[in-house]
Amino acid sequence: MSMEATKMSNEWIKRNHFRELHCLTEYCRKVTEDLLYNYRISYNAYIILNFVHDLPETTQYEIVKNTLFSTQRVNQLVNSLYKEGMIYRNERDMKLKKLSITRLGTATVAEIESKLIHHFKALGITEKQMNDVANSLRIINFQIKLGGKLENQ
């Protein structure tokens, strides 16, 4: 295969790969939003709820840094989760704004995750496939946080 043909082939693969990744991301978001409607929390609030679930005693600053939401948006979402009783603020140290998840928040995350896994299994997606996609996305997100850029080949 010529160098030009290889380059065109690689570009086609990249475009289609990212289109498929975008479609999958949007589908996952839509399914999750449909489930979240019954819990009275938004998709972005769920992202923060999961962040606090995975990293107890986190701060709003860490959430801003890792989610790329604005400080104001994180504050609004944290307030809504607090009002719903899903997260707890450490009142002793408001300067750091340490957050923890409540039992209701933990139960909500577990319930939604279980429903999502059931949904994707019903589509014929295996747990290994779900883990492979999650690991791939984790690597991409890690590289983005490091400021790494994909090089054109």
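Just so it is clear, the structure is predicted and the values come from calculations on it, not from any experiment. (Residues numbered from 1 in each chain as written. Predicted model: local features only at pLDDT ≥ 70, side-chain atom pairs only at ≥ 80, totals over all residues. Heavy atoms only, no water.)

**Considering the packing of helix α2 (residues 43–54) against helix α5 (residues 103–122)**
Logical step 1: Close contact between α2 and α5 brings their axes to 10 Å; oriented N to C, the two are set at 110°. On the basis of the axis angle, α2 is roughly perpendicular to α5. α5 is crossed by α2, and the crossing has left-handed handedness. On α5, the residues that touch Tyr46, Leu49, Asn50 and His53 of α2 are Gly105, Thr106, Thr108, Val109, Ile112 and Glu113.
Logical step 2: Broken down by class, the residue content of the contact of α2 with α5 amounts to four nonpolar, five polar and one charged. (Axes fitted to C-alpha atoms, helices over the stretch in contact; angles between N-to-C directions. Helix = DSSP H or I, 4+ residues; strand = E, 2+ residues; numbered from the N terminus. Parallel < 35°, antiparallel > 145°, perpendicular 65-115°, else oblique. Left-handed = near helix turned anticlockwise from the far one by under 90°. Contact = heavy atoms within 4.5 Å. Nonpolar A, V, L, I, M, F, W, Y, C, P; charged D, E, K, R; others polar.)

**Observations concerning the layout of surface pockets**
Logical step 1: Here the largest pocket is characterised by a volume of approximately 1,900 Å³.
Logical step 2: Around the largest pocket, the lining is made up of 36 residues, and of these Tyr43, Ala134, Leu137, Arg138 and Asn141 lie nearest the centre.
Logical step 3: Where the lining of the largest pocket is concerned, the elements lending two or more residues are α1 (3–36), α2, α3 (60–67), α5 and α6 (127–146).
Logical step 4: The residue makeup of the lining of the largest pocket, split by class, is 19 nonpolar, nine polar and eight charged. (1 Å grid on protein atoms, 1.4 Å probe; cavity = no way out; pocket = protein on both sides within 12 Å on 5 of 7 lines; lining within 4 Å. Points joined across faces, edges and corners; volume = space filled by probe spheres on them.)

**Observations concerning the sheet that holds strand β1 (residues 58–59)**
Logical step 1: Pairing in this open sheet of three strands is antiparallel, and the strands run β1-β3-β2 from one edge to the other. Where the open sheet ends on each side, the last strands, each with one partner, are β1 and β2 (87–89).
Logical step 2: Relative to strand β3 (residues 98–101), α2 is tilted by about 90°, and along the sheet it contacts β1, β2 and β3.
Logical step 3: Helix-sheet contacts for helix α4 (residues 71–83) involve β2 and β3, and the interaxial angle to β2 is about 110°. (Pairing = 2+ DSSP bridges.)

**With respect to α3**
Logical step 1: Along α3, the residues classified as buried are Gln60, Ile63, Val64 and Thr67. Burial along α3 is one-sided: seen end-on, the buried residues are contained in an arc of 100°.
Logical step 2: In this structure, the buried residues of α3 make contact with α2, β1, α4 and β3. (Buried < 20%, exposed > 50% of the residue type's maximum accessible area, 1.4 Å probe, protein only. Arc of directions from axis to C-beta.)

**Some details on the pattern of salt bridges**
Logical step 1: Counted according to the given criterion, the structure contains six salt bridges.
Logical step 2: Here Lys30 and Asp34 are joined by a salt bridge, their closest N and O atoms 3.0 Å apart. Of this pair, Lys30 and Asp34 are both found in helix α1, four residues apart, which corresponds to roughly one turn of the helix.
Logical step 3: Lys30 sits in the partly exposed class, given a relative accessible area of 46%.
Logical step 4: Its relative accessible area of 45% is what places Asp34 among the partly exposed residues.
Logical step 5: Here Glu84 ties to Arg40 by a salt bridge, and the two come within 2.8 Å at their closest N and O atoms. In this pair, Glu84 is assigned in the loop between α4 and β2 and Arg40 in the loop between α1 and α2, connecting sequence segments 44 residues apart.
Logical step 6: On the basis of relative accessibility, which here comes to 25%, the residue Glu84 falls in the partly exposed class. (Salt bridge = Lys/Arg side-chain N within 4 Å of Asp/Glu carboxyl O.)

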